[in-house]
Amino acid sequence: FFWHNSSSSFHRPSLPLISSTMYKAGIIAAIGELKDRTGSSRPAIKAHIEANNKGKSWANGTFLKVLRNMVASGELVQVKQSYKLSPEFKKSLAKKAAPKKKAAPKKKKAA
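A few words on the pairing of strand E2 (residues 76–79). When E2 meets strand E3 (residues 82–85), the two strands line up antiparallel, connected through four bridges. Bridge assignment links Val77 to a residue of E3, and that residue is Lys84.

And the structure:
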């Protein structure tokens, strides 16, 4: 048996905590960037997030909870052991991105 000695002070280095909204944004970005036709697996999504956000502590339990909540809310579709963005969620993302682009006013040439 391993007895924990309360006098020993072994602590992990403290890393910045991450909110669940950052997990959600990271999952959406990872699935979008991986572009797997059949969906992206959990390990692939997590590896992509960790590779792009070094120096932050990503808790596996929170990651899995956010994935389950996104599937339950209809933002993601689970296909076997992979995850894809749902068609409805893709449409809502496209609608949010579309109003940002505005046509630049044309300048008149002076003759």
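Their axes nearest at 9 Å, the elements helix H1 (residues 20–34) and helix H2 (residues 42–52) cross at an angle of 105°. Of the possible angle classes, the one that applies to H1 and H2 is roughly perpendicular. Side by side, H1 and H2 meet where Gly26, Ile27, Ala30, Ile31, Glu33 and Leu34 of the first sit next to Ala44, Ile45, His48, Ile49 and Asn52 of the second. Its residues assigned to classes, the contact of H1 with H2 shows seven nonpolar, three polar and one charged.

On to unusual backbone geometry, then. Located in the positive-phi region is Lys35, a residue other than glycine, with phi close to 50°. Mapping Lys35 onto the fold places it in the loop between H1 and strand E1 (40–41). On the accessibility criterion, Lys35 (68% relative accessible area) is exposed.

A separate point is the nonpolar core. Counting residues in hydrophobic clusters, the biggest one holds 16 residues, and the most contacted among them are Ile27, Ile31, Ile45, Ile49, Phe63 and Leu76. Among the elements of the structure, H1, H2, helix H3 (60–73) and E3 are those that each provide at least two residues to this core. Among the elements that take part in this core, H1 stands out by supplying five residues, more than any other. Apart from residues lying up to four places away in sequence, Phe63 is in contact with Tyr23, Ile27, Arg42, Ile45, Lys46 and Ile49.

The rules behind these values
- Residues numbered from 1 in each chain as written.
- Predicted model: local features only at pLDDT ≥ 70, side-chain atom pairs only at ≥ 80, totals over all residues.
- Heavy atoms only, no water.
- Pairing = 2+ DSSP bridges.
- Helix = DSSP H or I, 4+ residues; strand = E, 2+ residues; numbered from the N terminus.
- Axes fitted to C-alpha atoms, helices over the stretch in contact; angles between N-to-C directions.
- Parallel < 35°, antiparallel > 145°, perpendicular 65-115°, else oblique.
- Contact = heavy atoms within 4.5 Å.
- Nonpolar A, V, L, I, M, F, W, Y, C, P; charged D, E, K, R; others polar.
- Buried < 20%, exposed > 50% of the residue type's maximum accessible area, 1.4 Å probe, protein only.
- Core = buried A, V, L, I, M, F, W, Y, C linked by side-chain atoms within 4.5 Å.

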